[in-house]
Amino acid sequence: MNDIRETDLFGNPVRAGKGAPGRPRKELTATDLDMLEAGLMQGWTNQRIAKSLGIGVSTLKRNFGPLLRMRDQMPDRLRLLIFSTAVRKSLEGDMGAIRQVRQLMEDNERRLAAARIDRAGEAEPPEAPVGKKERARRAAEQVAESGGGDLWGGDLSPGSYH
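Quick caveat, the model's predicted, so the values are computed rather than measured.

Trainee: Tell me about the packing of helix α2 (residues 46–53) against helix α3 (residues 57–68), residues and numbers included.
Mentor: α3 packs onto α2 with a crossing angle of 110° between their chain directions and a minimal axis gap of 10 Å. By the angle between their directions, the pair α2 and α3 is classed as roughly perpendicular. Of the two elements, α2 crosses α3, and the hand of that crossing is right-handed. Contact with α2, carried on its side by Asn46, Gln47, Ile49, Ala50 and Leu53, involves Val57, Leu60, Lys61 and Leu68 of α3 and no other residues of that element.

In structure tokens:
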């Protein structure tokens, strides 16, 4: 028995082939899809998103895998949308939007500066692991260069022994 209605009692679209054998594909309403994207933008886990939508994690992964793979892009997409909307409103003369654009630009500059500092710190090659013999040799060099310091009372400095 095929369902010929366009929507069910709740206004959700009825899928073609509904009533046919096999498991039907889960379809979310526009609001549910917005909630899915909002959860991804907030960094929610798949379990939390599935629970909030009233579906299982396997259903979420099977039917919405492409959206889930965009998880890392979602916060940036949201920032970009907010920024573009604020720019559009500021161009129309909205003073609040102009202040918001300035604030967003300052925040972005701080984020970029922090990223540059992080990259500069990573540019230094990590020190190679040093074995026991090499550590002992370096320690001996330091003692000899410092003249023995307080360790030997300065007895290792050049000319201190007769």
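The rest of the description comes next.
Trainee: Give me the lowdown on α2, citing residues and values where you can.
Mentor: Residues three or four positions apart in an α-helix share a direction because the helix packs 3.6 residues into each turn. Among the residues making up α2, those that are buried are Asn46, Ile49, Ala50 and Leu53. One side of α2 carries all its buried residues, which in axial view fall inside an arc of 95°. Opposite the buried face of α2, at more than 90 degrees from it, the exposed residues are Gln47 and Lys51. Buried residues along α2 sit in contact with α1 (30–41) and α3. Downstream of α2 by a residue or two, Gly54 has a phi angle that is positive, lying close to 75°.

Trainee: Go over the nonpolar core, please, and point to the residues and values.
Mentor: In terms of nonpolar packing, the biggest core is built from twelve residues, these being Leu28, Leu36, Leu40, Ile49, Ala50, Leu53, Ile55, Leu60, Phe64, Leu67, Leu68 and Met74. Secondary-structure elements contributing two or more residues to this core are α1, α2 and α3. Sort the elements by how many residues they give to this core and α3 lands first, with four residues.

Trainee: Please give an account of the pattern of salt bridges that cites residues and values.
Mentor: One pass over the full model with this rule turns up five salt bridges. The salt bridge involving Arg79 is made with Asp76; its shortest N-O contact spans 2.8 Å. Of the two residues, Arg79 and Asp76 are both situated in helix α4 (residues 74–91); the distance of three residues between them amounts to about one turn of the helix. For Arg79, a relative accessible area of 42% puts it in the partly exposed group. For Asp76, a relative accessible area of 47% puts it in the partly exposed group. In this structure, Glu134 engages Arg138 in a salt bridge whose closest nitrogen and oxygen atoms are separated by 2.9 Å. Linking Glu134 with Arg138, this pair stays in helix α6 (residues 132–145), spanning four residues, or about one helical turn. Look at Arg138 and you get partly exposed, because its relative accessible area is 38%. Among the charged side chains, a salt-bridge network with shared partners connects Glu134, Arg137, Arg138 and Glu141.

Calculation notes
All chains use their own residue numbering, which begins from 1 and follows the written sequence. Local features in this predicted model are restricted to residues of pLDDT 70 or higher, and side-chain atom pairs are both shown and tallied only at a pLDDT of 80 or more, whereas totals for entire chains, interfaces and linings draw on every residue. Note that water and hydrogens are dropped before the side-chain values are worked out from all heavy atoms of the structure. Every axis in this analysis is a line fitted to C-alpha atoms, fitted for helices over the stretch in contact. Angles between the N-to-C directions lie between 0 and 180 degrees. Only DSSP runs of H or I reaching four residues or more are called helices, and only runs of E reaching two or more are called strands; each is numbered from the N terminus. Our angle categories are set so that under 35 degrees counts as roughly parallel, over 145 as roughly antiparallel, 65 to 115 as roughly perpendicular, and the remainder as oblique. With the far helix as reference, a near helix turned anticlockwise by less than a right angle produces a left-handed crossing, and one turned clockwise produces a right-handed crossing. It only takes one pair of heavy atoms within 4.5 Å for two residues to be counted as in contact. Categorising residues by exposure relies on relative accessible area from a 1.4 Å probe, with only protein chains included: less than 20% of the type maximum marks a residue as buried, more than 50% marks it as exposed, and the intermediate range marks it as partly exposed. The reported arc concerns the directions from the helix axis to the C-beta atoms and nothing else. For our purposes a nonpolar core is just a set of buried Ala, Val, Leu, Ile, Met, Phe, Trp, Tyr and Cys residues, chained together by side-chain atoms within 4.5 Å. Salt bridge, as applied in this entry: a Lys or Arg side-chain nitrogen positioned within 4 Å of an Asp or Glu carboxyl oxygen.

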